[in-house]
Amino acid sequence: DTEVTQTPKHLVMGMTNKKSLKCEQHMGHRAMYWYKQKAKKPPELMFVYSYEKLSINESVPSRFSPECPNSSLLNLHLHALQPEDSALYLCASSQGTGRGAGSRYEQYFGPGTRLTVT
Amino acid sequence: TQLLEQSPQFLSIQEGENLTVYCNSSSVFSSLQWYRQEPGEGPVLLVTVVTGGEVKKLKRLTFQFGDARKDSSLHITAAQPGDTGLYLCAYYRGSTLGRLYFGRGTQLTVWP
């Protein structure tokens, strides 16, 4: 099973709403990632969790709050978003992070949540 | 700083044509990865190239890693509409805070 699942598939929210995006993997991967992607652009890294601890925050505004309840789950809590935050939000996982190269660091992406902020 | 330069940025071709997209850099990499992203979906890993000069084939897709491990190419033979998507090359920078770095991508459209 090399699947990363994300819910919901689509989300429309107002600027005063609070919502959460969910991501799940059952591959035993210990690194999980949140990316933001605008149309026709590459994914931009937001957060990295390694062994359930936040290891990278790419200077993301505090209106985005990640959470890793356990090694299989990753959440992204959204509050007071702006219209420019509308994008495809992708979750990914890999076996781990660290020095070296090879399949251990290959990332598997979920299908994404298409977020529209009105 | 964009270490990986992908070209062309956009490519629109007819079904049956061949094409090559490039991923270039002045830096040396231990490996490079290629992803394809179809509209409305997440990127899917196609291949990881590790050895300089390596050639890997995936059906009609041929991936090559440059001898000096600074560049890579993807050649598609007899393109089909199902090949339409965003093709991304990426490298992994290994460290205690390792992460993936993407090129800007090549948007390929194959018309029937």
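Parameters and conventions
Residues numbered from 1 in each chain as written. Chains lettered and ligands numbered in written order. Predicted model: local features only at pLDDT ≥ 70, side-chain atom pairs only at ≥ 80, totals over all residues. Heavy atoms only, no water. 1 Å grid on protein atoms, 1.4 Å probe; cavity = no way out; pocket = protein on both sides within 12 Å on 5 of 7 lines; lining within 4 Å. Points joined across faces, edges and corners; volume = space filled by probe spheres on them. Nonpolar A, V, L, I, M, F, W, Y, C, P; charged D, E, K, R; others polar. Core = buried A, V, L, I, M, F, W, Y, C linked by side-chain atoms within 4.5 Å. Buried < 20%, exposed > 50% of the residue type's maximum accessible area, 1.4 Å probe, protein only. Helix = DSSP H or I, 4+ residues; strand = E, 2+ residues; numbered from the N terminus. Contact = heavy atoms within 4.5 Å. Pairing = 2+ DSSP bridges. Axes fitted to C-alpha atoms, helices over the stretch in contact; angles between N-to-C directions.

Draft legend 1. Highlighting empty space enclosed by the protein. Scanning all chains against the criterion turns up one cavity of 30 Å³ or more. Considering only enclosed or pocket space, the largest cavity measures out at about 70 Å³ in volume. Along the walls of the largest cavity sit A:Lys40, A:Lys41, A:Pro42, B:Gln9, B:Phe10, B:Leu86, B:Arg104, B:Gly105 and B:Gln107, which together make up its complete lining. Here the lining of the largest cavity is built from residues that sort into three nonpolar, three polar and three charged.

Draft legend 2. Examining the nonpolar core more closely. If you look at the biggest cluster of nonpolar residues, it comprises 23 residues, and the most contacted ones within it are A:Trp34, A:Phe64, A:Leu76 and A:Leu78. Only β2 (10-13), β3 (18-25), β4 (31-37), β5 (44-50), β7 (64-70), β8 (73-79), β9 (87-94) and β11 (113-117) of chain A provide two or more residues apiece to this core. What A:Leu76 contacts, discounting residues up to four positions off in sequence, is A:Lys19, A:Ser20, A:Leu21, A:Trp34, A:Met46, A:Phe47, A:Phe64, A:Ser65, A:Pro66 and A:Tyr89. B:Leu19, B:Phe29, B:Leu46 and B:Cys89 belong to the second largest nonpolar core, which has 22 residues in total.

Draft legend 3. Quick peek at the sheet that holds β3(A). All names here are of chain A. On the basis of which strands lie adjacent, the open sheet formed by four strands has the order β1-β3-β8-β7 and antiparallel pairing. Only two strands of the sheet have a single partner each, and these edge strands are β1 (4-7) and β7. Neighbour to neighbour, the strand axes of the sheet diverge by 20 degrees on average, direction disregarded. Across five bridges, the pairing between β7 and β8 is antiparallel. What sits directly across from Ser65, in β8, is His77.

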